[in-house]
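Examination of the molecular architecture
For reference, the chains in residue letters:
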Amino acid sequence: MTAFSVRLTGTKYGCGGGGCGACTVMISTYEPTSKKIRHYSANACLLPICSLYGAAVTTVEGVGSTKTRIHPVQERLAKCHGSQCGFCSPGMVMSIYTLLRNNPEPTSEQMIAALAGNLCRCTGYRPILDACKTFCKESVCCQRKANGKCCLDQEGDLIDKEEKISTRLFSTDEFQPLDPTQELIFPPELMRMAENQPKRTLVFCGERMTWISPVSLDELLDLKAAHPKAPLVVGNTSVGPEMKFRGVFHPIVIAPARILDLNVVTHMDDGLTLGAACSLSLVKDILTNAISEFPEEKTKVFCAVLQQLRTLGGEQIRNVASLGGNIISRKSTSDLNPVLAASNCVLNLASKGRKRQIPLSDIFADGVGNNTITSEEILVSVHIPHSRKGEYVSAFRQAPRRENALPITNAGMRVLFEDGTDIIKDLSIFYGGAISTTICAKQTCWTLIGRHWNEQMLDEACRLLLQEIALPGSASGEKVDYKKTLIVSFFYRFFLEVLQSLKKMDPCHYPGVPMEYRSVLQDFQTKMPQSIQIYQANPSQSPQDPVGRPIMHQSGIMHATGEAVYVDDLPSVDGELFLAVVTSSRAHAKIVSIDTSEALQGPGVFDIITAHDVPATNEFYYSDDPEIIFVICVGQIVCAVVADSDVHAKQAAAKVKIEYEVLEPVILTIEEAIKHNSFFEPKRKLEQGNVDQAFETVDNIIEGEIHIGGQEHFYMETQSVLAVPKGEDKEMDVYVSTQHPAIIQEMVAASLGVPANRIMCHVKRVGGAFGGKLLKTGLLASVAAVAANKTSRAVRLILSRGDDMLITGGRHPFIGKYKVGFMNDGRIRAVDTKYYINAGCTPDESILVAEVSLLKMDNAYKIPNLRCWACACKTNLPSNAAFRGFGFPQSALVTETWITGVADKTGLSPEKIREINMYKENAQTHFKQKLDPQNLIRCWNECMEKSAYYSRKTAVIEFNKQNYWKKKGIAIVPMKFPFGLGTRYLSQAAALVHIYTDGSVLLTHGGIEMGQGIHTKMIQVASRELNIPMSRIHFCETSTRTVPNACASVGSAGTDVNGMAVKDACQTLLKRLQPIINKNPKGTWNDWIKEAFEQSVSLSATGYFRGYDENMDWEKGEGQPFTYFLYGAACSEVEINCLTGDHKNLRTDIVMDIGCSINPAVDIGQIEGAFVQGIGLYTMEELKYSPEGVLCTRGPDQYKIPAVCDIPEQFSVSLLSSSQNPYAIYASKGIGEAGLFLGCSVFFALRDAVTSVRNERGLKNTFSLNSPLTAEQIRASCADDFTEMMTNSESASSTPWVISM
Ligand SMILES: Cc1cc2nc3c(=O)[nH]c(=O)nc-3n(C[C@H](O)[C@H](O)[C@H](O)COP(=O)(O)OP(=O)(O)OC[C@H]3O[C@@H](n4cnc5c(N)ncnc54)[C@H](O)[C@@H]3O)c2cc1C
Ligand code: FES
Ligand code: FES
């Protein structure tokens, strides 16, 4: 579906594969026989337009707009601060809206389920859920009443004499009520069409494809006989991604969704028969109803299937994906096939002149490749049987994320006992995720028939299963040991479940499961989180003054209505061309030849752009070669195609043939770089005290290392540029999604060989950046500009998610090696650390990242003798880039790791070691900068208190004593986050303020709006300075035309520096106005402006801020690279499932010192969003490369960022009260990055839980955990009999399939 051609740009394109939900729309259909209208959410990116015949599609524009009326969903999302960059907001709105259309008063479970398929990279979801809660049946409060206090009561309690503490970031009184009678009705013409027009076969012929939608089964069978290779497309969630991403092409597609036989729902005596075209959502509803209608004994299969359906995909996927499609695709990741096969489900198949039934298990009977269904056959329906007396069925799955993620391994298991006994009469076990399709453990099951359900049987079963389900090391992905562990762990869980059921059946005979094992029988559930946000309000402040108030994001409403314009939403320019890049498929090679002949023949192809077309400097990859001869990473841009459409450009790009001569060495990892001595210079070092001497005198020394994986920025808006040549004087307008327009201008001008004054860069807003839209964007903008220059046409370049991930790099993978000397009482006396960062193939910002990692590595600790080194490794990966935190999240994790190491060794708790070594009084850092740690201590103490750390720690210990397979962990981590950019010129800023004669103000500054609310804050600043309401002030765009040479919006500094410049400009204006105001003090703003104009007083002023006086001398190892420090602390509690490695984030309490917040809603949003991004970095986001250096994780399907299910169930953020900062605007502090590191409190809470498992099992040896601490690592660290079996089982051939980076 393309919304572009109809100018409906609200529906966003974030991934194209159904994984992010940015493109969510509502589909409504009318069924004339039942006269029912069905509304459901769906991902527009996978919806074939032909499938929408007769359906109404509601996009975000149809829900509401500022031109007509905004809908309560849009209003509340914006006013609850649920939108930052806004790119995910239309999708969020559509998911919530669709739920409310079906159920105006949903439960919080329904609400949270509706959002499982929508990703947001900015907010951390809490404010979005706050907006959702206002529609739910239950109260909007935190529901902590049981513990004595509720958030709504706290405000009063928290007021002390001097300060007013506030917990409200929005007021529900302002909200319009939801009135279901005001919703758009289903179009009557479509209703009439459905009622009056007899259903007939529909045929749509496109340029390359034909879509045939028959209405009768016979017709379908004829079609299938005529076109046996044509797929049947229902939800297109399997065929669609194959066509889009794997180059599969189908000239004919048959759409059977309208055939009645394929939509039947029949209750039979022995079970349910469901049509193959039934959507998974429908199947879920039917099974839920059936469970309430039938006796428990009969519904065990239904319950097990339902168990899988709850977390399969997101709601948008389940609403369209069909039961038949899931079964017939026979993917190894099908969550339904193992459980349906184990449960003896039967397939009703038909082909021309033939109908037959086969057990579903038959199609997997002999494992891989045995397809007993012929290509002419179709699946009509599926029979799901009732369970019988003495029969038990279960389903299990473990995925990289609990919801909306394909499983790593899953299973379906069924056992039937001889009447009234525990003797196995029949047993059926199927696994998914293991090899390329579902697999049956047939031999194991046969062997165990006749056995009692006891420990001996369990031992035998595990041994047999591991023998039978052999996983080749290189087949079907990686994680072989983990998958094997899951295979036996799942069976063990089934064993326990059945034991418990046997006990229920006959408590006298069967002992059931020991108490301490029982909790593992419950899976983690996603619950609506409860949250509280605390900030300080200033009661004496004038009500007109907006500074310090939780003002809504300036574009919030427009984000939610889809009216906010991003680069790809700009209307097309006459004659515009689309650009697709051709990238290297080799990591290190010489290009022998590039054959573009076939590509040039492609439809709509206009030209091919190569390095020869660059008129001046070829900035790409720091090489001036007129020709790209060498490639140094996979994903390096080699050339580009321009064509009349995005599709044509991409088709042609795929046809460019490049011949390579592979070069050695190919260096991918840090270890390989060290081996080949491959580094970028300079290497950096800092030292204080006498480290070597100190090591001589300490009681104890530990040494170790930690590997920290990289991280993809995963901004929701991919890299986007529109270059428009103006036709005169070599002028060019460049509309670009960047954090740094000035560098784009410089790079484009340099490539074209024109002065910078001919290149105008415009940035309205950026759909998320996090450091990833700096130099890389400059390269892409230069490519687009060169193409525009060559063709004299406007050129649009929008990277697909896959290309974006492949080309642009991310956070630097890191190895930290440490040696730490300490006394038995926990005092750390000496530290020697080395950091290796994987810079990728070019230096970009890597040396800076290495420097920052050294400058911030002390985190909150005073280490008297300290030496640290950092080197940037040169590898054949795409160059890594700046990313929120800039090296600090990595080096401080290393620090916290050795802190915990010291705790382990001394037997003291980690929090004690932290307290003992924390900065306590005025001190100097290891580069001799002074700091006053008072607020660090305050944050730590407040966090201890607010989280009730010690009592909860006791409760955790108690829980762990009582639970064997589930463990809890808790950790509290302090943070010192230095603010500064290292040199003065990098923090200079300018602003331009115009006052028009009607009194309205146009404000411009050099900062970029990428979700962090900078424009909102700048308007707050201008409003305070000019003493006029915010509504009189407008911000239009950031542009190199209005503010030249602006520094990048990076390093949390945007508000600080631009705020100063805006203040300066406003004060200049006010100074000019002052005589007029003095003369007429009772006059209005408009009177004064009118008068000023008549007196020829200039109503336009620039403002300027020189930047902070910062410096660092790396030779001497000392300086003042920072201006001030932010402080914070976070306490997190988690629960892990030792059998699977799965975990749940139970609670997080954050206390943060950010001075006087200019906008607490924006600032708390930054803290929470960064924190959740930190959870992603430290616990789930894994980049995988092939051994040849090809990035395998190229979309939300393979790369999991946190979703709604990952945020803590209780989430509290408090801003430290009475904190002042003399160095920044209005005593505030820059907050964009700091919160990310606090995500590591979850990492250490997980470590705490794992430690408790290991202690209980007598595993006393030290263990190390790397980041991200995924379920796989947690499972492996919780060593037990099952992991032991892996060490004993034969290791299959293990050619590594992927390398984690
Ligand atoms: C983002 C995303 C997340 C997902 N998450 C999960 C998950 O967590 N767990 C999981 O199990 N799956 C998951 N899936 C896969 C999804 O469930 C399946 O793709 C879906 O069920 C297939 O149904 P469909 O109607 O969309 O199939 P289509 O793509 O329309 O067709 C799939 C195939 O099945 C064949 N087919 C369809 N119907 C019939 C029929 N009646 N007779 C014969 N052949 C037929 C077609 O010929 C085609 O080859 C996910 C998919 C996406 C895109
Ligand atoms: S763009 Fe459709 S789900 Fe991501
Ligand atoms: S606001 Fe959700 S992705 Fe930016």
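In this text the structure is predicted, and so the values were computed from the model without any measurement. (Residues numbered from 1 in each chain as written. Chains lettered and ligands numbered in written order. Predicted model: local features only at pLDDT ≥ 70, side-chain atom pairs only at ≥ 80, totals over all residues. Heavy atoms only, no water.)

**Looking at the overall build of the protein chain**
Of the regular secondary structure elements, the protein chain holds 38 helices and 47 strands. Structurally, the protein chain occupies a C-alpha span of about 95 × 80 × 70 Å along its principal axes. Scored against the burial criterion, the 1301 residues of the protein chain give a buried share of 63%. For the protein chain, restricting intrachain contacts to residue pairs at least 6 apart in sequence, the fraction spanning at least 24 positions comes to 78%. Looking at the protein chain, you have 129 positive and 140 negative side-chain charges, and the mean spots of the two groups are 2 Å apart. (Helix = DSSP H or I, 4+ residues; strand = E, 2+ residues; numbered from the N terminus. Buried < 20%, exposed > 50% of the residue type's maximum accessible area, 1.4 Å probe, protein only. Contact = heavy atoms within 4.5 Å. Lys, Arg positive; Asp, Glu negative; His and termini not counted. Charge placed at Lys NZ, Arg CZ, Asp CG, Glu CD.)

**Some details on the site of ligand 1**
Looking at ligand 1, there are 34 residues lining it, with Val-234, Thr-237, Val-239, Ser-322 and Asp-335 nearest. Here an oxygen atom of ligand 1 sits 2.8 Å away from a polar atom, N or O, in the main chain of Val-239. Here ligand 1, which alone exposes 980 Å², has 91% of that area covered by the protein. Listed by contribution, the elements that provide at least two residues to the shell around ligand 1 are α13 (323–328) and β12 (378–385). The leading source of residues in the shell around ligand 1 is α13, at 4 residues. Among the residues making up the shell around ligand 1, the classes are represented as 17 nonpolar, 14 polar and 3 charged. (Near = heavy atom within 4 Å. Polar contact = N/O pair within 3.5 Å; in protein donor to acceptor, adjacent residues only side chain to side chain. Areas by Shrake-Rupley, 256 points an atom, 1.4 Å probe, with all protein chains shown as cover. Nonpolar A, V, L, I, M, F, W, Y, C, P; charged D, E, K, R; others polar.)

**As for the UniProt feature "binding site: [2Fe-2S] cluster 2" (unreviewed entry) in the protein chain**
UniProt records the feature "binding site: [2Fe-2S] cluster 2" (unreviewed entry) for Cys-85, Cys-88, Cys-120 and Cys-122 in the present numbering. Across 38 residues of sequence, these annotated residues stay compact in space, with a maximum C-alpha separation of 9.4 Å. Considering the arrangement of structural elements, one finds Cys-85 in the loop between α2 (72–79) and α3 (89–102). For Cys-85, the contacting residues outside a window of four places in its chain are Cys-122, His-559, Tyr-566, Val-766, Gly-767, Gly-768, Met-1010 and Gly-1011. Relative to the assigned elements, Cys-88 resides in the loop between α2 and α3. By relative accessible area, which is 6% here, Cys-88 ends up buried. When residues no more than four places from it in sequence are discounted, the contact partners of Cys-88 are Leu-119, Cys-120 and Met-716. (UniProt positions renumbered as here; feature names shortened; annotations may be inferred.)

**Re the packing of aromatic side chains**
Per the counting criterion, the structure on display carries 32 aromatic pairs. With centroids separated by 5.0 Å and ring planes inclined at 55°, the aromatic side chains of Phe-888 and Phe-1237 adopt a geometry described as tilted. Within this pair, whereas Phe-888 is found in helix α27 (residues 888–906), its partner Phe-1237 is found in helix α35 (residues 1235–1238), the two being separated by 349 residues in sequence. The exposure class of Phe-1237 is buried, given its relative accessible area of 1%. Arranged with centres 5.2 Å apart and planes meeting at 75°, the rings of Phe-1105 and Tyr-1108 form a pair that is edge-to-face. (Phe/Tyr/Trp six-rings, centres within 6.5 Å; stacked < 30°, edge-to-face > 60°.)

**Quick look at the pairing of strand β13 (residues 391–398)**
The buried count for β13 comes to 8 of 8 residues, which makes it a mostly enclosed element. Side chains Glu-391, Val-393, Ala-395 and Arg-397 project from β13 onto one buried face, and the interleaved Tyr-392, Ser-394, Phe-396 and Gln-398 project onto a second face that is buried too. Sheet topology places β13 next to strand β14 (residues 409–417); 8 bridges connect them, and they run antiparallel. By the bridge assignment for β14, Ala-395 is matched with Gly-412. (Pairing = 2+ DSSP bridges.)

**Some words on the environment of Cys-868**
Examined against the element boundaries, Cys-868 turns out to sit in strand β32 (residues 865–874). The exposure class of Cys-868 is buried, given its relative accessible area of 0%. In sequence terms Cys-868 and Leu-686 are 182 residues apart; their C-alpha atoms lie 5.4 Å from each other. Other than its neighbours up to four places away in sequence, Cys-868 contacts Arg-684, Lys-685, Leu-686, Thr-833, Leu-854, Met-857 and His-926.

**A short note on the UniProt feature "active site" (unreviewed entry) in the protein chain**
Those places that UniProt annotates as "active site" (unreviewed entry) correspond, in this numbering, to Glu-1233. Its place among the elements puts Glu-1233 in the loop between β46 (1210–1215) and α35. Apart from residues no more than four positions distant in its own chain, Glu-1233 is found in contact with Arg-884, Gly-885, Phe-886, Phe-977, Gly-1051, Ser-1052 and Ala-1170.

**Some remarks on the packing of helix α34 (residues 1160–1180) against helix α36 (residues 1240–1256)**
Where α34 meets α36, the closest approach of the two axes is 7 Å, and the angle between their N-to-C directions is 45°. By the angle between their axes, α34 is oblique relative to α36. Seen from α34, the contacting residues are Phe-1171, Ile-1175, Tyr-1178 and Thr-1179; seen from α36, they are Cys-1240, Ser-1241, Val-1242, Phe-1243 and Leu-1246. In terms of residue class, the contact of α34 with α36 is built from 7 nonpolar, 2 polar and no charged. (Axes fitted to C-alpha atoms, helices over the stretch in contact; angles between N-to-C directions. Parallel < 35°, antiparallel > 145°, perpendicular 65-115°, else oblique.)

**Comments concerning unusual backbone geometry**
When glycine is set aside, most residues are seen to have a negative phi, and most peptide bonds are trans. At the junction of Glu-664 and Pro-665, the peptide bond is cis and its omega measures out at -10° in the coordinates. With respect to the helices and strands, Pro-665 occurs in the loop between β23 (657–662) and α21 (670–675). Residue Pro-1268 is bonded to the preceding Ser-1267 through a cis peptide linkage, with omega at 0°. Among the structural elements, Pro-1268 can be located in the loop between α36 and α37 (1271–1277).

**As for the side chain of Ser-213**
Within the secondary structure, Ser-213 sits in strand β6 (residues 210–213). Within polar-contact distance, the side chain of Ser-213 engages the backbone oxygen of Ala-255 at 3.5 Å. In this structure, Ser-213 is in contact with Arg-200, Thr-201, Leu-202, Ala-255 and Arg-258, ignoring residues within four places of it in sequence.

**Description of the packing of α27 against helix α28 (residues 910–917)**
For the pair α27 and α28, the least separation of the axes is 8 Å and the interaxial angle reads 115°. If you check the angle between α27 and α28, you find them roughly perpendicular. The crossing of α27 and α28 is right-handed. Of α28, the residues touching α27 (which contributes Glu-896, Ile-899, Thr-900, Val-902, Ala-903 and Thr-906) are Pro-910, Ile-913 and Arg-914. Class assignment of the residues belonging to the contact of α27 with α28 gives a composition of 5 nonpolar, 2 polar and 2 charged. (Left-handed = near helix turned anticlockwise from the far one by under 90°.)

**Re helix α23 (residues 741–752)**
Every α-helical turn comprises 3.6 residues, leaving residues that sit three or four positions apart pointing alike. Taking 1.5 Å of rise per residue, the 12 residues of α23 would be expected to cover 16 Å, and the 16 Å separating its terminal C-alpha atoms lies within 8% of that figure. Most of α23 sits out of view: 10 of its 12 residues are buried. Those residues of α23 that fall on the buried side of the exposure criterion are Pro-741, Ala-742, Ile-743, Ile-744, Gln-745, Met-747, Val-748, Ala-749, Ser-751 and Leu-752. Elements in contact with the buried residues of α23: β27 (732–736), β28 (759–763), α24 (775–791) and β39 (1038–1039). Within two residues after α23, Gly-753 carries a phi angle of roughly 70°, on the positive side. (Expected span 1.5 Å × (residues − 1).)

**Digging into the state of the cysteines**
Two cysteines joined by a covalent bond between their sulfur atoms form a disulfide. One pass over the full model with this rule turns up 0 disulfides. Of all cysteine sulfurs, the one in Cys-205 lies closest to Cys-50, which takes part in no disulfide; the gap is 9.4 Å. Cysteine Cys-303 is unpaired, with the sulfur of Cys-345 as its nearest cysteine sulfur at 14 Å. (Disulfide = S-S within 2.5 Å.)

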